[in-house]
Each structure stands twice: as C-alpha cells, then as structure tokens.
Amino acid sequence: MNLKKYFVRALHRLQKGPGYTYKELLVWYCDNTNTHGPKRIIKEGPKKKLIWFFLTLLFASLVFWQWGILINTYLSYNVTSSLSIGFKTMKFPAVTVCNANPFKYSEVKHLLKELDRLIEAALERILQPAPRNSSENASPPLDLRLWHQIPLVLIDEHDKDNPVILDIFESNQTAGAGPASGSGSDNCTYRNFTSAAQAVTEWYILQSTSILSKVPLQERIRMGYQAEDMILACLYGAEPCNYKNFTQIYHPDHGNCYIFNWGMDEEALNSSNPGAEFGLKLILDISQQDYIPYLSSAAGARLMLHQQKSFPFLKDQGIYAMAGTETSIGVLVDELERMGYPYSDCTINGSDVPVKNLYSQYNTSYSIQACLRSCFQNHMTEICGCGHYMFPLPEGVNYCNNEDNPGWAYCYSSLRSSITHRQICIDSCKETCNDTQYKMTISMADWPSEASEDWIFHILSYERDMSTNVTLDRNGIIKLNIYFQEYNYRTISESAATTIVWLLSSLGGQFGFWMGGSVLCLIEFGEIIIDSLWITVINVISWCKGLKQKRAQARYPDAPPTVSELVEAHTNLGGAGGRPGCPDGGCMAVARGMPRHSTLCAAAVLHHGSDPRVGTQATFDF
C-alpha cells in the first residue's frame, strides 16, 4: 500500500498544469504555449474561435505534410557529384600487352589437325554445294564425331514461310564416320548468323575450346608467344627496360600476356612529367605468319591500361594496335569516389559480395568484371557439371569438353542467353567504391617508313635472332607510345545531397513559416503529451482501485461485527443455557454463522472456583 501511495504521489508531482482532467490540461496548454494560433482559440469570441481553430488545424496539417516530404527525401539518400582537378605525382598505369592470336599455329597444329580438315571441308561444301567425288576420294575420310557433337547447318530461306535446315555433311557418310558416341543430349539450340564467316568462327571457337581444355596449363603456356620473342625493345622515360620487367600471366582469350608495372612484386612506378618522352615505349613482334587461320581473324596486339594489382579483362576493356603502325596513346586519369551504404550499393574490397571471386588466385583486387565472370562460372559448374574454358575453375571442377560432357555446348548457350541467371549475377555483384579509369586518346601513323624500314628491320632482326638476315616485316611489327597527356587528374566524388543538418533546418523552416514555432514549441508539445500520459495512468489506477472496492462490497454485503458486538452476543447466549457436551453449559462457541472477514472466532470459558469474583473470561483471536 505504501508503494502505491508513493507511486500515485510521484505521478501527481510530475503532472503539470492546472488540474487532472484532459480539458483543463488542454486549456492550460493553449493559454501558455508559444505557438501562434492556440492562444487565439481560447481568447477570441465564438466566431473567431472557430476561424482560428480551422486555420490552426489547416496549417498544422500543412506542416506535417511538408515534414513527411522532407523526411522521405532525406531517407532516399540521394547523392550529388562534384568534379575537382588536382595536380600531383601520379602512378603510371599497369600496361598489359597480348597477341591477338593466343597460340602459335606451328605449336598447336597437331591438336587442331582434324578440326582444320573438317572446317575446310565444310567451307568447301558451303561455297560449292555440289560435292566433287574426285577430291573426296583422294582425301582421307573425315572424322565426323566433332561435327555431330556441335553441327554446323545451313538454313535455306528461299521460302521464308517454310525454311529448310540442311546438314552440310548429310550425304557424306564415309568410313569411320557416324553418330558421336554418347552425344548425351537430345536438346538442340540454334544460333542464327547472317554471314557464314561469323558462323564458322563461332563454331571453330567452340570446338577448339573443347580440345584445348584438355591440354595442361604449362603446355598451353609453352605453345603461346614468349616474352623474349614478342617484346623486342622497351624504354620507360629515360631508363631502358626489357621483357624481364614484365609479369607473365595466362589469359584464356589471348594466351600469354605480359604486364608492365603491375605492382605485385615491386612498387609501382611514378611519372614525373607529361608527354611522350616520359612514358613507355615498346616495339612488339606479333608474328602474324604463325596465326591460327580459323581462330583469329584480327591481327595485331591487344593492350589495356588498368590499375595495379587488378586483373586485365582485355576482351571487354582492351584496344587493338595495328601491325605496321606506331600507335600513340595519351592518357587522362579519372578517379571515382562513390559513397557507400546507404547512399549506394558499392563495396570496398568485395568482402561483402556473396559471389566467390575465382580471380583471387591471381592475388588481384576485386572488380565487378571478375565478380560477373565468377558468378557465371559458378552457375555453369552447378547446372552443367563443368566449367567453361575461358574462366577460372572452382576447386574440384574440370573444364568442359565434348568427350566427358557431350551436352555442354547446349547448356552453355542456354545459360549465356538466360536473362534470369544474368540478372542474378547483376544483382549479386557490386561496383567498387573507389575506382580509377584511364581515358585514352589514340593516334596512329605508318611505322617504319619506307625510307627507314630496311635498317630498322635489320637491327631488330639481329638483336632478336643474332642473324644478319631480315626475319621481321611490316606485317608483324608494332610500336607503342603510352604517356600521360596532361599532368593532372580529375576526381569525380559523390556527396550526400541531404544531410541531417539540411533535414533539421528544413523541418524548422516549415514549422516556423506555417505556425511560427520553434524547438521550444516542440518541447511544450512533448510536455503536454507526457502530462496526458500521467493523467491516463492516474485514471487507470483510480479505476482499478474503485473496481476492487466494488467487488469486495458485492462479496460481503454486510459490514463485519465489532468486538463489542461479539462480547454482547456471547453474554446473551451464555445465559440462555448450556450447550450439550460442555459441563454445566459452561462453554459456548460463538463463531457459527459469523462472517470470516478477519478469520474472527470467539470462545468463552466459565471457570468455577472458590472466588466468585472470578467470573467470565473471554478470549478473541483475530
């Protein structure tokens, strides 16, 4: 009980205002608040009171509406981009150079021999639909197993309503030819090409991928172009360099690639001045005469500028340098700084990306290209049971080939054209929060000139082969100049469009404009809410107390007897006669029929003795 009284007294002390009713509290608030409008409601006449009540309600609604818009704008986390130009000593980008042809044809010819014979026969059938029996009888029979695994067909669309699909080797069933053993899939997908040149190149890439996937990595590296044969001359600024200053990696699309200033083993090189004299100069030999005829239709060097310790994705971001030319590349640097969560869904190092980065085996940094390719390869290993030759492999998985995985080409084509799987990878991968992009300005000129090509080719041939004979020609020589075009960099950074300071000032501005309020007015409003809560608690306690009393009265309608009434009842009953079982009627139980408010019972014992003054002794227990 003491605790309840103390609690109720504390509530009374905390409650402010003239009284303990909601009406009195509201009147007290309107009379004492600093907000414009409520005072006029209680002080004006009936008509003006109604007008001021309507205006106050209207402007309060406008304030809350504007507040909702401002809070929603703040929670949208929009950003603004700013561009700034800085000047400092910049790191020279990593430069990756590759040959457009991944392997020397002289090294892989024995692996592609049957495939080359098959594609030559197919081209002959395409160009001359009528077979020539004399040539067919003279040549050894074709092994059509590769053909049946991934056939190349012609579509006759002379009748566009009823196109006819023609198998090129449908009538050529020579000895040893037949359906591929365990073709593995009855599914078939068609990829249409408007030109036979595109179809043949795509078909040859699929078939060669199946063949080369079974070749060990070290053997593939040996069959590619070596650094000492490809890099003839190197100069960085005023310092000479050679092929030993390049890091070799194996790229599935382009074979052996060589990276200058990758920053893996040594510190990245800095550039102190802009201009071609302070950049990187290279002379390359691509040996165009040793290209694979059906695999590489473009001749030249594939190169890319990228950040240190990042993997080069030349197929997407690389450029070509044409043979017989001097290509000058002026570089401008753009640094991108994105804001992280919640302003954008970017990542710092890829640790929060759910996709396992398969390119981490190269010890390279995270990039969205690496994530997308890793995601595709993971899906392919799960669905097709093998990995594509162009991407790194997860542990415990082998590359796809026609013998072990006969239906891989159909599975790969279906997966590559699936919008669902592509969207899953796009949603899973994130952009990097900080990135550096290199904008290139490219110019070309014939090199060497006709007047100087003799002595240049003689010197370069002697330096590479120690021979006085000319072993180089214009079709294989490329000169590159890579340099900073300007000695500055641009920084494109994001900043929050709405901050907490902006939100508070905007909320206060709307509140002050529509209702002439301030932060103190909000505190007053909070005070009346607290007081309303206290009144509610006090009313609830009072209601519970009254309910308890009503229940007690309903259970015991008569008031409990007093002590004097019990004594009088005992005295009256004692003189009326003894109770059976008591000697001489000298004891009486008076608790029968008495209410048990306090478990009250009374007993009277009459003691008989020599002293008559000792009369009646009554004992009461409560």
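Residues numbered from 1 in each chain as written. Predicted model: local features only at pLDDT ≥ 70, side-chain atom pairs only at ≥ 80, totals over all residues. Heavy atoms only, no water.

Heads up, the condition is: UniProt positions are given in the numbering used here, feature names are shortened, and annotations may be inferred rather than shown by experiment.
Going by what an unreviewed UniProt entry lists, the chain is known as Epithelial sodium channel subunit beta and is assigned to Aquila chrysaetos chrysaetos. Per its UniProt entry, the chain bears the Sequence similarities (unreviewed entry) comment "Belongs to the amiloride-sensitive sodium channel (TC 1.A.6) family. SCNN1B subfamily." Recorded in UniProt under Catalytic activity (unreviewed entry), the annotation for the chain is "Na(+)(in) = Na(+)(out)".

## Considerations on helix H4 (residues 46-75)
The following threshold applies: Labels follow the DSSP assignment, with helices taken as runs of H or I lasting at least four residues and strands as runs of E lasting at least two, numbered in each case from the N terminus. Multiplying one less than the number of residues by 1.5 Å gives the expected span of a helix. Classification of residues uses two cut-offs on accessible area relative to the type maximum, computed with a 1.4 Å probe and protein chains only: under 20% is buried, over 50% is exposed, and between them is partly exposed.
In this model H4 runs 43 Å from its N-terminal to its C-terminal C-alpha over 30 residues, within 8% of the 44 Å that 1.5 Å per residue would give. Within H4, the full set of buried residues consists of Thr56, Ala60, Val63, Gln66, Trp67, Leu70 and Tyr74. Tyrosine 77, located one to two residues past H4, shows a positive phi value of around 55°.

## Structural notes on the state of the cysteines
Here is the rule: Cysteine sulfur atoms that pair up within 2.5 Å are treated as a disulfide.
For the structure shown, the criterion picks out 7 disulfides. The disulfide partner of cysteine 346 is cysteine 433, and the S-S distance across this bridge is 2.1 Å. Between cysteine 346 and cysteine 433, the S-S dihedral sits near 90°, and the bridge is therefore right-handed. With a gap of 87 residues between them, cysteine 346 in strand S15 (residues 346-347) and cysteine 433 in the loop between strand S16 (431-432) and strand S17 (434-446) connect regions that are remote in the sequence. Residue classification places cysteine 346 among the buried positions, given a relative accessible area of 8%. Two residues share a disulfide in this structure: cysteine 371 and cysteine 429, whose sulfurs sit 2.0 Å from each other. Its S-S torsion of about -85° marks the bond between cysteine 371 and cysteine 429 as left-handed, since a negative value means left-handed. Of the two residues, cysteine 371 sits in helix H13 (residues 368-384) while cysteine 429 sits in the loop between helix H15 (419-428) and S16, which places them 58 residues apart along the sequence. With a relative accessible area of 7%, cysteine 429 lands in the buried category.

## Observations concerning the nonpolar core
Note the cut-off: The nonpolar core is taken to be a set of buried Ala, Val, Leu, Ile, Met, Phe, Trp, Tyr and Cys residues, with the residues joined through side-chain atoms within 4.5 Å. Whether two residues are in contact is decided by their heavy atoms: any pair within 4.5 Å suffices.
Counting residues in hydrophobic clusters, the biggest one holds 57 residues, and the most contacted among them are Trp147 and Phe169. Examining the composition of this core, we find that 7 residues originate from one element, helix H9 (residues 196-212), more than from any other. The contacts of phenylalanine 169, once residues within four sequence positions are left out, are Leu118, Ala121, Ala122, Arg125, Leu142, Leu144 and Trp147.

## Considerations on the environment of leucine 58
Examined against the element boundaries, leucine 58 turns out to sit in helix H4. Note: C-alpha distance between leucine 58 and tryptophan 514 (456 residues apart in sequence) is 9.5 Å.

## Quick notes on unusual backbone geometry
The step from tyrosine 341 to proline 342 runs through a cis peptide bond, and the omega angle for that step is 5°. In this fold, proline 342 is placed in the loop between strand S14 (325-337) and S15. Omega for the peptide link from tryptophan 447 to proline 448 comes to -10°, which places this bond in the cis form. The backbone of lysine 309 shows a phi angle near 60°, a positive value even though the residue is not glycine. For lysine 309, the position within the fold is in the loop between strand S12 (301-306) and helix H12 (314-317). Overall, lysine 309 belongs to the partly exposed group, its relative accessible area being 41%.

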